[in-house]
Amino acid sequence: MTRLNSLLIALTISLAFAQAQTLPTKPRLTVDKIMQDPKTWVGTSPSGVFWAEDGKTLYFNWNPERAKGDSLYKVVLAGDRTPQKVQPAERRALPDDGGTYNRDRTRKIYDKNGDLFLVDCRTFLTRQLTNTVDREANPAFSGDEQAVVFQRNGNLYTMALTDASLAQITNFDPGTKKPDAKPNAQETLLKKEQLGLFEVLRDRKAKRDEAEKITKADRPKGAKLFYTEGRTLLTPQLSPDGKFVTFVMMKAATGPKSTVVPSYVTESGFTEDLPARTKVGAPLASYELYVYDIDKDTIQAVSLRNIPGITDKVSVTAIPTTKADTSKRAALRSVFISNVVWSPTATNRYAVLALRATDNKDRWLVQLDPATRTLKLIDRQHDDAWIGGPNIGFANNPGTLGFLADGQTIYFQSEADGYSHLYTVNLVTGERKQLTSGKFEVQQVRLSRDKQYFFLTTNEQHPGEQHLYRMAVTGGTHEKLTTMTGANEVTLSPDETMMAIRHSYSNRPWELFLAVGSKQWAVSNGQLALGSKKGVKAKKSGGTISTEPIQLTDSQTTDFKAYPWRDPQVMTIPARDGQAIYARLYKPDGAVKPNGKSVVFVHGAGYLQNAHKWWSQYSREYMFHNLLVDQGYTVLDIDYRASAGYGRDWRTGIYRHMGGKDLTDHVDAAEWLVKNHGVDAKRIGIYGGSYGGFITLMAMFTTPSTFAAGAALRPVTDWAAYNHGYTANILNEPQTDSLAYRRSSPIYFADGLKGHLLICHGMIDVNVHYQDAVRLAQRLIELKKENWELASYPMEDHGFVEPSSWTDEYKRILKLFETM
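Residues numbered from 1 in each chain as written. Predicted model: local features only at pLDDT ≥ 70, side-chain atom pairs only at ≥ 80, totals over all residues. Heavy atoms only, no water.

Here we look at the overall build of the protein chain
Across its full length, the protein chain holds 16 helices and 51 strands. Along the three orthogonal principal directions, the C-alpha set of the protein chain runs to about 145 × 75 × 60 Å. The proportion of buried residues among the 820 residues of the protein chain is 51%. Taking contacts inside the protein chain between residues at least 6 apart in sequence as the whole, the part at least 24 apart equals 56%. About 38900 Å² of surface is accessible on the protein chain, with carbon and sulfur atoms providing 51% of the total. (Helix = DSSP H or I, 4+ residues; strand = E, 2+ residues; numbered from the N terminus. Buried < 20%, exposed > 50% of the residue type's maximum accessible area, 1.4 Å probe, protein only. Contact = heavy atoms within 4.5 Å. Areas by Shrake-Rupley, 256 points an atom, 1.4 Å probe, with all protein chains shown as cover.)

Digging into empty space enclosed by the protein
Following the criterion strictly, the structure yields two cavities of 30 Å³ or more and no others. In this model, the largest cavity occupies a volume close to 50 Å³. Lining the largest cavity we find 14 residues, and of these Ala354, Arg356, Ala395, Asn397 and Pro398 sit closest to its centre. At the level of elements, β23 (335-337) and β25 (351-357) are the ones that each hand at least two residues to the lining of the largest cavity. Considering every element that reaches the lining of the largest cavity, the biggest residue donor is β25, with three residues. The residue makeup of the lining of the largest cavity, split by class, is eight nonpolar, four polar and two charged. What the second largest cavity holds in volume is close to 30 Å³. (1 Å grid on protein atoms, 1.4 Å probe; cavity = no way out; pocket = protein on both sides within 12 Å on 5 of 7 lines; lining within 4 Å. Points joined across faces, edges and corners; volume = space filled by probe spheres on them. Nonpolar A, V, L, I, M, F, W, Y, C, P; charged D, E, K, R; others polar.)

Quick notes on the sheet that holds strand β37 (residues 498-505)
A sheet is described by the order of its strands in space; here four strands give the open sequence β36-β37-β38-β43, paired in antiparallel fashion. Looking along the sheet, the strands with just one partner apiece sit at the ends: β36 (487-492) and β43 (550-551). The pairing of β36 with β37 spans six bridges and is classified as antiparallel. Bridging from a neighbouring strand, leucine 492 pairs with methionine 499 of β37. (Pairing = 2+ DSSP bridges.)

Here we look at the sheet that holds strand β16 (residues 244-251)
Strand order in the open sheet made by the four strands is β15-β16-β19-β20, with antiparallel pairing throughout. Since the sheet does not close on itself, it has two edges, and those belong to β15 (232-238) and β20 (298-301), each with one partner. For this sheet, the mean inter-axis angle between neighbouring strands, taken without regard to orientation, is 20°. Note: β15 against β16, five bridges, orientation antiparallel. (Axes fitted to C-alpha atoms, helices over the stretch in contact; angles between N-to-C directions.)

Description of the nonpolar core
One finds Leu636, Phe707, Trp719 and Leu757 to be the most contacted residues of the largest nonpolar core, which totals 61 residues. For this core, the element with the highest residue contribution is helix α12 (residues 691-702), accounting for eight residues. What leucine 636 contacts, discounting residues up to four positions off in sequence, is Ile573, Ala583, Arg584, Leu585, Val599, Val600, Phe601, Ala669, Trp672 and Leu673. Residues Trp510, Tyr563, Tyr618 and Ala711 belong to the second largest nonpolar core, which totals 42 residues. (Core = buried A, V, L, I, M, F, W, Y, C linked by side-chain atoms within 4.5 Å.)

As for the confidence of the model for the protein chain
On average, residues of the protein chain score 91 in pLDDT, and 92% of them reach the 70 mark or higher. Below a pLDDT of 50 lies the segment residues 521-546, which in the model reaches 57 contacts outside its immediate sequence neighbourhood of four places, other chains included. (pLDDT = per-residue confidence, 0-100.)

Observations concerning unusual backbone geometry
Note: most residues except glycine have negative phi, and most peptide bonds are trans. We note that phenylalanine 124 has phi near 65°; this positive angle belongs to a residue other than glycine. Secondary-structure assignment places phenylalanine 124 in the loop between β7 (115-120) and β8 (125-128). The backbone phi angle of alanine 605 is positive, close to 70°, even though this residue is not glycine. For alanine 605, the location among the structural elements is in the loop between β46 (598-602) and α9 (619-630). On the accessibility criterion, alanine 605 (33% relative accessible area) is partly exposed.

Some details on the pattern of salt bridges
Tallied over the entire structure, the rule returns 34 salt bridges. When the shortest N-O distance is used, the salt bridge between lysine 613 and glutamate 465 registers 3.3 Å. Linking lysine 613 in the loop between β46 and α9 with glutamate 465 in the loop between β33 (453-458) and β34 (467-472), this pair joins segments that are 148 residues apart in sequence. Owing to a relative accessible area of 4%, glutamate 465 belongs among the buried residues under this scheme. Note that arginine 656 and aspartate 737 form a salt bridge whose closest N and O atoms lie 2.7 Å from each other. (Salt bridge = Lys/Arg side-chain N within 4 Å of Asp/Glu carboxyl O.)

Points about the side chain of asparagine 360
With respect to the helices, strands and loops of the structure, asparagine 360 is situated in the loop between β25 and β26 (362-369). Polar side-chain contacts of asparagine 360 include one of 3.2 Å to the side chain of asparagine 729. Filtering out sequence-adjacent residues up to four positions away, asparagine 360 remains in contact with Ala385, Trp386, Ile387, Ala728 and Asn729. (Polar contact = N/O pair within 3.5 Å; in protein donor to acceptor, adjacent residues only side chain to side chain.)

Things to note about the packing of aromatic side chains
One pass over the full model with this rule turns up 41 aromatic pairs. Seen from their ring centres, tyrosine 586 and tyrosine 622 are 6.1 Å apart, and the 55° between their planes marks the pair as tilted. Taken together, the residues tyrosine 586 in strand β45 (residues 580-586) and tyrosine 622 in helix α9 connect sequence positions 36 residues apart. Between the aromatic rings of tryptophan 719 and tyrosine 726, the centroid separation amounts to 6.0 Å while the plane-to-plane angle is 20°, which identifies the pairing as stacked. Among the aromatic residues, those joined into a cluster by ring pairs are Phe601, Tyr618, Phe624, Tyr687, Tyr793, Phe800, Trp806, Tyr810 and Phe817. Sitting over the face of the ring of tyrosine 453, arginine 470 holds its NZ or CZ atom 4.1 Å from the ring centroid. The aromatic ring of tryptophan 510 is capped on one face by arginine 502, whose charged end is 4.4 Å from the ring centroid. (Phe/Tyr/Trp six-rings, centres within 6.5 Å; stacked < 30°, edge-to-face > 60°. Lys NZ or Arg CZ within 6 Å of the ring centre and 35° of its normal.)

This is the structure in structure tokens:
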């Protein structure tokens with residue numbers, strides 16, 4: 001080597017060293033750092049956004065001071081838009097952000113702390129209507145809007161807004177009606193003889209009967225007494241014309257055995273039992289719809305027998321079948337019954353409600369004639385798997401269901417074409433219209449103030465994005481109102497001209513933004529400026545409108561911002577059946593050398609979405625994935641079969657077999673990593689919590705050659721031990737579909753364990769009980785398995801709370817993967 005070359009090399013090294021000294025050092029992530037209290041390490045994002053009634057002030061919960069709890073903040077639009085902490089006196093005086101408006105939105109009624117309040121939306125003055133020790137709730141305007149209808153002590157009342165006069169509408173008694181005492185044959189004979197023998201007795205009885213008749217005639221008519229007889233009253237509602245009351249009675253099932261969860265570390269020093277839930281297959285409550293005809297003074301049940309399919313016998317075999325049984329004695333299928341939705345008119349022209357079979361195979365929308373107590377079918381959605389999807393409703397919740405301005409057209413959502421879309425039906429003509437279509441889902445629906453438009457949140461631009469659109473109630477073009485990539489949770493101002501947007505992106509937590517509500521409004525109201533801190537800029541140039549949201553909050557800590565958080569690549573992976581699996585991929589960059597290892601993360605809940613472009617609800621896991629990539633790992637998480645956001649077929653892909661296609665999707669993803677990203681096939685780990693813990697167990701037990709190690713956090717080990725509402729949808733009931741439960745439960749496949757397994761479970765988990773982990777542990781002991789570990793957390797429920805627990809858990813997970 002020449003002297004010149006030596007000098008050049010030395011100079012190059014010196015320059016590189018000097019440059020390295022001046023470049024900022026990338027912060028090092030540790031488990032201790034990322035698992036500490038997010039409030040002090042990440043920051044607290046704004047939440048609970050609502051507007052003042054005059055639209056001049058925006059309120060939200062926030063905690064920039066890192067206090068123990070969030071506080072209420074506000075942004076005044078006419079000011080410099082700096083968030084200000086709301087003082088307690090102002091906070092207590094604020095109207096509730098919920099409530100019910102009258103038809104022209106000039107007044108709002110709401111309940112707060114058990115009392116009723118009325119807001120004049122023109123003067124923005126608030127009037128307190130009640131101040132009682134009783135709790136008044138669920139207020140609404142009467143059909144003529146001259147009174148308020150509300151509940152007190154389980155009964156309906158009306159209060160006139162002119163003179164505050166009060167009237168009780170219903171008289172529900174929680175007791176049981178006692179039968180009238182009837183005289184026996186001997187007593188009847190004696191009474192007859194006495195009246196026949198003695199004239200004085202006859203005269204006195206006649207006078208007494210006449211007096212009682214007059215007294216009864218003079219007595220004001222009161223609400224009809226109805227004994228609930230131990231049943232629970234649900235959703236009592238007064239019709240707009242005040243002539244009918246509809247309500248649902250729920251009768252609890254007899255005999256279901258509830259579970260208990262022992263809590264060992266308690267303030268008392270004694271082991272205490274926490275009340276928990278029943279298990280899937282336990283007897284269910286029954287429901288019955290009633291109509292109180294006030295003029296006729298009658299209360300009678302509504303028959304469901306004429307509903308098409310209500311007597312069908314549903315089979316849950318490998319080939320689903322539904323057999324009609326039209327005999328008069330055929331048993332009715334058990335159903336959940338929603339509240340009644342009345343048309344928004346002074347008279348009760350139309351009333352609709354939703355019925356959902358408790359076997360989860362049917363959802364009916366029906367029209368109620370309260371005078372005749374008859375039901376007419378509007379729409380029936382049947383699914384051989386189970387009814388579901390965004391805003392389709394669950395149990396007694398009807399989902400999206402309302403009336404348009406004409407008072408005779410209803411709107412609702414259905415998965416009839418395979419995706420949750422918006423439909424209308426005219427109750428007079430019967431005309432049915434699908435307003436949205438395509439391979440996307442309508443995730444939220446709001447009818448505009450003037451009832452001429454829908455505001456829709458959908459994922460039509462990309463399955464991993466959420467945007468707000470405006471569409472005419474007749475359908476047609478969607479006007480996209482949000483522009484920022486990621487998720488946009490919009491709260492519209494009272495006049496619907498401004499949007500408060502909670503926005504986040506893959507590597508940026510939620511912040512609050514302000515933007516113009518529509519381009520058309522911006523054209524005619526361009527004097528309001530957004531764009532600087534002074535206002536929203538709406539520029540018109542060449543016939544186009546440019547609106548840029550402005551950021552109102554800055555929530556993240558300096559330490560959190562110092563790390564360059566990765567923006568995972570959102571892509572699709574081919575499954576063995578040709579379907580595309582959406583995924584998020586984290587790869588080492590040029591500064592990090594890949595170590596050949598990979599970790600696959602499994603999100604929980606089953607029906608949840610994580611391969612998206614917004615800040616994940618699994619924020620700790622996201623940070624842990626960045627830590628892993630810093631150490632050379634390739635990390636992948638996928639929206640496997642049953643995940644949310646991809647339509648009916650994807651949602652129901654696990655019917656009668658959890659651990660089927662949802663697991664093979666993960667196996668296919670692991671093989672894809674090996675083929676395309678240089679991952680060592682023998683050094684792939686898998687982990688996840690809840691449903692993710694279940695998939696981890698199934699992966700370790702049934703596909704041991706694919707995954708070398710797995711961490712199952714709070715996992716379901718036997719679906720027969722889980723709750724009814726979730727499990728029966730997918731696997732039916734264990735007593736009727738034992739095959740589905742057996743092939744879906746990891747405990748039956750524990751003998752297949754070969755790799756290293758870590759199980760972590762909170763001991764006071766009232767969702768997936770700690771018993772699941774204990775039973776699996778005993779099974780592994782009996783199978784003489786040695787390469788497994790159970791970590792128990794005495795003070796943690798399903799979702800961990802304590803940073804010390806999070807830290808311990810993830811240090812164990814990291815150690816597990818380091819040994820691959």
